[in-house]
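# Examination of the molecular architecture
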Amino acid sequence: MALTESVKDIINKSDDPLLAKHNSWSRIRLGDIAEIINGFAFKSQAFSKEDGIPLIRIRDVGEEKTESKYLGDFDDKYIVQNGDLVIGMDGDFRSARWKGEIALLNQRVCKLQLNHEDIVLEKFLDYSLPGYLNAIHRKTSSVTVKHLSSKSIMEILLPVPPIPEQHRIVDKVEELFTQLDAGMAALQRAQANLKRYRASVLKAACEGRLVATEAQLHPDNYEPADVLLERILAERRAQWEEENPGKKYKEPAKPEVEDLPDLPEGWVWTTVDMLTKSMKNGIYKKASFYSDSGVPCLRMYNIEDGEIRWFDIKRMTLNKEEVSKYQLVPGDILVNRVNSRELVGKSAVIPDGIEQPLVFESKNIRLEVEPRITHSRYLNFWFRINSQSYFNYNAQQVVGMASINQQQVGSMPVPLPPLDEQTRIIEVVESKLSIAAVNLALVEKEGLRVERLRQSILKRAFEGRLVPQDPADKPVNIESLQSSEAAP
Amino acid sequence: MNNSATIVQRLWNYCNVLRDDGMSYGDYVEQLTYLLFLKMDHENDTELGRESHIPAEYNWPSLLSRDGDELESHYRELLAELGKGAGLIPVIFRKAQNKIQDPAKLRRLVELIDGETWIGLNIDVKGEIYEGLLEKNAQDTKSGAGQYFTPRPLIQAMVDVMQPQVGQRICDPAAGTGGFLLAAHDYIAEHNNLDKPQWRHLNHDALHGWEIVDNTARLCVMNLYLHQIGANGDGSGHSPIHVGDALAAHPGENFDMVLTNPPFGRKSSVTYITDEGELRNETQDIVRDDFWVTTSNKQINFVQHIKTILKQNGTAAVVVPDNVLFEGNAGETLRRKLLHECDVHTIVRLPTGIFYKPGVKANVIFFDRKPASESPWTKKVWIYDFRTNIHFTLKQNPLTRADLDDFVTCYNPANRHERTATWSEKSPDGRWRAFGYDELITRDKVNLDIFWLRDESLEDSANLPEPEVLAAEIVDDLQSALEQFQGILDELGETD
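Values in this document were obtained by computation on a predicted structure and should not be read as measured data. (Residues numbered from 1 in each chain as written. Chains lettered and ligands numbered in written order. Predicted model: local features only at pLDDT ≥ 70, side-chain atom pairs only at ≥ 80, totals over all residues. Heavy atoms only, no water.)

### Concerning the overall build of chain B
Let me state the cut-off plainly: Helix numbering and strand numbering both begin at the N terminus, where a helix is a DSSP run of H or I of at least 4 residues and a strand a DSSP run of E of at least 2. Think of it in three bands: residues with accessible area under 20% of the maximum for their type are buried, residues over 50% are exposed, and the middle band is partly exposed, with areas taken using a 1.4 Å probe on protein chains only. Residues count as neighbours in contact if any of their non-hydrogen atoms are within 4.5 Å of one another. For the area figures, the Shrake-Rupley method with a 1.4 Å probe applies, and any residue is considered shielded solely by the protein chains shown.
Looking only at helices and strands, chain B has 17 helices and 11 strands in total. When burial is assessed residue by residue, chain B has 55% of its 496 residues classed as buried. Across chain B, contacts joining residues at least 24 apart in sequence account for 75% of those joining residues at least 6 apart. For chain B, the exposed area adds up to about 21,200 Å²; of that, 46% sits on carbon and sulfur atoms.

The structure is reproduced here in C-alpha cells:
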C-alpha cells in the first residue's frame, strides 16, 4: 500500500483538529469493535443497466441508487442493506450509509460493521470516521489513484467519550447541522435568485419597464427612435453611394414587425444590421503562431456572463497588416459564433482603457456598432437576454458544435429606444447589476465559509467542548479489548 | 350620527399630527385605547343608564373639565391609578403612561373623541377602525409590532376550516392583538342563530388568551372589548386575556380548540452578568413534567404546551416556522411524539412575503389530541404546498382570503376524512398530497419539511418575475439563512 506512516503515527503526530479528543477520553482501535467485509470482483459480463440486483461500486458510495446492476450468482455475505456503512477504497475514500434498496458490494468497496454499540454509537462513528479517512488520504501517495487498505481502516484509533456524552454530542451536532443545512439551502436559493434577478433587470430594461421613457419625460421634445433611425440610415446610404458610384446599395435587413411584440412609445424595432457599421469574423492562426510575446487575442473563452474575462489571454505573432485588420476598439461588440448550442451567441462589449493593440480569434465576430443610433452597452443588454434563445433556435449543428453566421446575427431583431433613453437605461442597469454582482460574490464566499463552519463544529465536538462532560458518566469499558490506548 | 368613514379619516388625520411630534403608530393606538375606553364607559352610563365602573374622580368628565398642564397631570395620575387592582380595567391600564407631550394636543384628542358617540356606532365599524390602526401599526415593520399581528386572510382561512362551534371553549396561548379569538367569535356568531344564553357564553366564557407583553395584552383586550367580548355590558367583566407567560405552567383548564401563531424569533434567552462582569446570553430551557422534551426553543415549547391544554379530541391549528418541521434533536423528539399521540392531519407550507417580519418561512399544522394509545394516531398527513413558486409582498401584491380558497376546498372541512389529492404522477404540479405515517416516520429525523414541486428559482425557466419580486425573494432567503446561522451562533456562544 502507498501509506508510508502507520495509522497510529498519523493520528498521534497530527494537529488536525478532526483527529482530536478530549483528554478524559480513551481511544479504541476500530478493528477491535468492528469488522470489515471486502467487496467481491463480480464479473462485468453479468452487469446490466436495468435488470438484477443493484451493485455498489465506488462511484455509488453516498448515492441512493446504483449505476449498474448484477444478474449472476452471489454469496450472501456481500449483501448490503439500507443503512449499512460502506467505504470506497480508491479515489477519495468516501464513507456513507447506504440509502438505497438491497444491493451487492463490488470490489474496492467495503462494508464496515460495528459490533460494539456499547463502546461507540453508530451515529458517533458516522461523524468521526470521515476525519480519519481524510487524514489517511492525505498521507497516501499515489501514481494515479490513491488506494485504501482495509488494514488501515482497522488501525484507526477512534476517540471514545462515555456513551451518554456520545449521545449528547450526536444530538447537539444534529441540531446544529439541520440548521446549517437549512441556512445553506437558503444561501443557494439566494444565489439562484440573484442570477434570475440579473436576467429580470435586463429583460425589464429592454422592454421599457425599467426607466421612464423619453415619451413620458419630454412628451413634445424628444427624437423618437424611428425618426433617428431613418435619418441615420439615409445618411449612411447617401455616404455609401457617394463612395461607390454606380453600384447598388445593399439595404440592411429589416425586422418582421408583425410577428414582434408591441414596443413602448418612442421605440422602434430594428435589426443588428441596421445598428452596426460592419461585421467581421476573427483571425485564424495555427498553433505555431501562438507565443508568449505578441498581440493579445480574445478567444471564445474570454467572453463570459456578458463581459470580457481577462484571464488566460493567448498572444499571437502577427504582421502589421493583420493587426490593423483585426484590431478591436472600445465600443466594439464580440459575438461568439461557434460553440456548444447553449453557449453560442454569447457576447461582450470591449471596454475602455484596454491594452492596445488587441485582436480577436476566428470563433468570434466583431461588430462595429453605429454610435449615432445605439450605445454598445444597451445593445449588449439585449444580446444578453435574447441571444441564447434566438440562436439556440437558428444555429447550425455540426458534430456537437453549433455555429451562427453574420447573416443570422445581422437579421436579429432589436428593440430600440431613443438614444437618451438608452443612456438612462444603461446607468440604472449597471447600478443594479453591480449590486447583484457584489451580493453574488458575497453569497458564494459565505457558502464556502459554511462548509468550514461544519468542520469547525465537528472539531469542537471532538475536542470535547461542544457539550459539557459529566463526571457522573461511566467511562466506556475497553479493558476487555486489546490494542487500545487508555486515557493518561 | 356621523358617517363612520369620516370618523376614521379624522382619527387618521389626528394620528399624523401626533406623528409629527414624534409619536409612533403604536403609541398613538395605545393612547387612543385609554381615552376611548373612558369615553365608552361614560356613554354606558349616560346613554344606557348602566353603572360606570370607573371611580368618578378618574372618569371621562374629569378629563373633559380640565385643560392645559392640569389636564396632563390629571391624565397621568388617572392612568397610574386605574392600572391597579384586578379585572378588565386594570388590564387595559396596566403600567399605562402618557405619551402625548403637548397638553394642547391632548386636549384636542379628548375633544375629538368626545365629539362622537361611540357606543352607538356599529360594532363592526368600531372594530374596523381599531383593527385598521393595529394593522397600520404592524406595517411599521421597524417597530417590531408586526410580530403580534398575523395576516387577517390567513386567520380567516384557518377559522373557516376549523369551524368553531357554539358552546366551545377556544384558546390562543399567544394571543397577540386578538386576531384569532375575534375571528372565532365572528365565525360562531355568523353561522348560528344565537339565543341570549349562547351570546352570553360566547362573549364571556368561550374565549381565552394569554399574552406575555403588557402593551400587547392591552391592545388585545381593547380589540375584543370593542367587539363586546369580555364586557358585561358595564366594563367590569373579567378579562378574557391573562397577562403572563403561557409556557410557565399548565393553566389548570383544557379547551376544545386552540388557534394560534406563537411569536417568531429566537429561543427564550436570558441576558445576565457573570462574576467577571461580562455580559452573557444564555438560552433558557422550559422544564415541565407534562412536556415531551426539554428545550429552549420557543416554538417547540408552544406546540407541546398546546397539546397539554387541549381536551381529548380537541383540535388545534398552529402557525410554526420551518425549524419546527426539520430541526434535529428536540425537534425530532417533538415530531415523533406529536405524530404518535395526536392525529396530525394537515400541514400548509406558507409563502414568504405575508408576515410583517421579513424572511419568515412558516407553516400551519393542524392536529387533534387523542387518548393514550399503543399505536400511533396519525395515519396520513395531508400537505398543501402554498409556497413553491408563490410570491406575495406586503404592499404591491398582498395575500387575500381568495388566494386561500383552493386550500380551503382541498381541506374539505365538511369531512376531512374524504379528501382528494390534486397531485399524482400524471399531475406533478398538484399542490395537495398525502403522506402515510410509515413513510414519514422513516424519514431522516422525521423531517416534515416536505416539498415536491419544481422550484422555478432553481431552474432556468422562461417565467421570469419582475425584478422587485426577485429582490424581495433574495431578501427573504438571506434573512432565512441569517436566522439559521444566528441560531447556530447562539448555541455555540453559550458554551465556552
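So that's the structure; there's more coming.
### Some details on the overall build of chain A
Applied cut-off: By the counting rule applied here, Lys and Arg register as positive and Asp and Glu as negative, while His and the ends of each chain are not counted. A single reference atom marks each charge: NZ on Lys, CZ on Arg, CG on Asp, CD on Glu.
The secondary structure content of chain A amounts to 12 helices and 26 strands. In terms of principal-axis extent, the alpha carbons of chain A reach across some 105 × 50 × 50 Å. Within the span of chain A, comprising 488 residues, buried residues form 49% of the whole. Across chain A, contacts joining residues at least 24 apart in sequence account for 78% of those joining residues at least 6 apart. Total accessible area computed for chain A in this model is approximately 24,400 Å², and 50% of it derives from carbon and sulfur atoms. One finds the centroid of the 65 positive side-chain charges in chain A at a distance of 4 Å from the centroid of its 72 negative side-chain charges.

### Brief notes about the confidence of the model for chain B
The criterion, for reference: One confidence number per residue, pLDDT, is output by the predictor and ranges from 0 to 100.
Per-residue pLDDT for chain B has a mean of 86; in total, 87% of the residues score no lower than 70. Per the prediction output, this complex has pTM 0.78; the corresponding ipTM is 0.78.

### Re the packing of aromatic side chains
Any pair of aromatic rings gets described here by the distance separating the centres and the angle formed by the planes. Put simply, the rule reads: Stacked, edge-to-face and tilted are the three classes for Phe, Tyr and Trp ring pairs, Trp counted by its six-membered ring, which pair at centre distances within 6.5 Å; planes under 30 degrees apart are stacked, over 60 edge-to-face, the rest tilted.
For the structure shown, the criterion picks out 23 aromatic pairs over all chains. Relative to A:Phe42, the ring of A:Phe40 lies with its centre 5.0 Å away and its plane at 70 degrees, an arrangement referred to as edge-to-face. By relative accessible area, which is 5% here, A:Phe42 ends up buried. Between A:Phe42 and A:Tyr70 the ring centres are 4.7 Å apart and the planes differ by 50 degrees, which places this aromatic pair in the tilted class. Taken together, the residues A:Phe42 in the loop between strand 2 (34–38) and strand 3 (47–48) and A:Tyr70 in strand 5 (residues 68–70) connect sequence positions 28 residues apart. Put simply, the rings of B:Phe366, B:Trp382, B:Tyr384, B:Phe386, B:Phe392, B:Phe407, B:Tyr411 and B:Trp432 pair up and form one aromatic cluster.

### A word on the sheet that holds strand 20 (residues 338–339) of chain A
Each strand in a sheet pairs with its neighbour through backbone hydrogen bonds, running either in the same direction (parallel) or in the opposite one (antiparallel). Residues and elements named next belong to chain A. Cut-off, in case you're wondering: Two strands qualify as a pair provided DSSP detects at least 2 bridges between them.
Across the sheet, which stays open at both edges, the 3 strands sit in the order 20-25-24 with antiparallel pairing between neighbours. Only two strands of the sheet have a single neighbouring strand rather than two, namely strand 20 and strand 24 (396–398). Two strands pair when backbone bridges link them, and strand 24 and strand 25 (residues 401–403) are joined in this way by 3 bridges, in the antiparallel orientation. Within the sheet, the bridge partner assigned to Gln396 lies in strand 25 and is Ser403.

### Let's talk about empty space enclosed by the protein
Residue and element names in this part refer to chain B. To keep things clear, this is the line we draw: In the cavity and pocket records, a cavity denotes points on a 1 Å grid over the protein atoms alone where a 1.4 Å probe fits but cannot get out, a pocket denotes an open set with protein on both sides within 12 Å along at least 5 of 7 lines, and lining residues are residues with an atom within 4 Å of a point. Grid points are joined across faces, edges and corners, and a volume is the space filled by probe spheres set on the points. Any residue outside Ala, Val, Leu, Ile, Met, Phe, Trp, Tyr, Cys, Pro, Asp, Glu, Lys and Arg is labelled polar, Gly included; the first ten of those are nonpolar and the last four are charged.
All told, the structure shown has 6 cavities of 30 Å³ or more when counted by the stated rule. When its volume is computed, the largest cavity comes out at roughly 80 Å³. Lining the largest cavity, in full, are Val324, Leu325, Leu334, Arg335, Leu338, Leu339, Val344, Ile347, Ile365 and Leu448. Broken down by secondary-structure element, the contributors of at least two residues to the lining of the largest cavity are helix 13 (322–326), helix 14 (330–341) and strand 8 (342–349). Here the lining of the largest cavity gets 4 residues from one element, more than from any other, and that element is helix 14. Looking at the lining of the largest cavity residue by residue, the classes come out as 9 nonpolar, no polar and 1 charged.

### Considerations on the interface of chain B and chain A
Short version of the rule: Buried area is a sum: the accessible area each of two parts loses on coming together, probed at 1.4 Å, counted once for each and added. Whenever Lys or Arg places a side-chain nitrogen within 4 Å of a carboxyl oxygen from Asp or Glu, that contact is recorded as a salt bridge. For this analysis, a polar contact is any N or O atom pair within 3.5 Å, provided that within protein one partner can donate a hydrogen and the other can accept it, and provided that sequence-adjacent residues contribute only side-chain to side-chain pairs.
Across the boundary between the two partners, chain B contributes 35 residues, which contact 34 residues of chain A. Summed over both sides, the interface of chain B with chain A buries roughly 3,000 Å², with 61% coming from carbon and sulfur. A:Arg189 is paired through a salt bridge with B:Glu473; the nearest N and O atoms lie 3.7 Å apart. Taken together, the connections running from chain B to chain A amount to 7 residue pairs in polar contact (both at pLDDT 80 or more). Top element by residues in the side of chain B that touches chain A is helix 17 (residues 467–494) of chain B. It accounts for 15 residues.

### Regarding the packing of helix 2 (residues 25–48) of chain B against helix 4 (residues 68–82) of chain B
When two helices pack together, their arrangement is given by the angle between their axes and by how far apart the axes lie. Residue and element names in this part refer to chain B. Where we set the bar: Here an angle of 0 to 180 degrees is reported between the N-to-C directions of two axes, which are lines fitted to C-alpha atoms, with helices fitted over the stretch in contact. Note on angle classes: values under 35 degrees are labelled roughly parallel, values over 145 roughly antiparallel, values of 65 to 115 roughly perpendicular, and the remainder oblique.
Contact geometry of helix 2 with helix 4 gives a least axis separation of 12 Å together with a crossing angle of 80 degrees. Between helix 2 and helix 4, the crossing angle belongs to the class labelled roughly perpendicular. Touching Gln31, Tyr34, Leu35 and Leu38 of helix 2 are Tyr75, Leu78, Leu79 and Leu82, all from helix 4. Of the residues contributing to the contact of helix 2 with helix 4, the split by class is 7 nonpolar, 1 polar and no charged.

### Focus: the sheet that holds strand 21 (residues 347–349) of chain A
All names here are of chain A. Strand order in this open sheet of 4 strands is 13-23-19-21, and the pairing throughout is antiparallel. In this open sheet, the two strands that pair with only one neighbour each are strand 13 (276–281) and strand 21. Between one strand and the next, the sheet's axes are offset by a mean angle of 20 degrees, whatever the strand orientation. As defined by bridge partners, strand 19 (residues 333–336) adjoins strand 21 across 3 bridges and the pair is classed as antiparallel. The residue bridging Val335 from the neighbouring strand is Ser347, located in strand 21. Against the sheet, helix 10 (residues 376–394) contacts strand 19, strand 21 and strand 23 (364–369), and its axis sits at roughly 165 degrees relative to strand 21.

### Some words on the packing of helix 5 (residues 163–206) of chain A against helix 10 of chain A
All names here are of chain A. How we decide: Handedness of a crossing follows from how the near helix is turned relative to the far one, being left-handed for an anticlockwise turn of less than a right angle and right-handed for a clockwise one.
At a minimum axis distance of 9 Å, the contact between helix 5 and helix 10 shows a crossing angle of 125 degrees. In this view, helix 5 runs oblique relative to helix 10, as classed from their interaxial angle. In the packing of helix 5 onto helix 10, the handedness of the crossing is left-handed. Residue-level inspection shows Arg198, Ala199, Leu202, Lys203, Ala205 and Cys206 of helix 5 in contact with helix 10, the latter providing Tyr378, Phe381, Trp382, Arg384 and Ile385. Split into classes, the residues belonging to the contact of helix 5 with helix 10 amount to 8 nonpolar, no polar and 3 charged.

### Details of helix 4 of chain B
Residue and element names in this part refer to chain B. Our working definition: A helix's residues, less one, multiplied by 1.5 Å, set its expected span. Directions are taken from the helix axis to each C-beta atom, and the arc is the one they span.
With 15 residues, helix 4 ought to run about 21 Å at 1.5 Å a step, and its terminal C-alpha atoms sit 21 Å apart, in line with that. Buried residues of helix 4: Leu71, Glu72, His74, Tyr75, Leu78, Leu79 and Leu82, and no others. Considered in projection along helix 4, the buried side chains sweep an arc of 165 degrees and stay on one side of the axis. Check the buried side of helix 4 and you find it contacts helix 2, helix 3 (60–64), helix 5 (88–93) and helix 6 (103–114).

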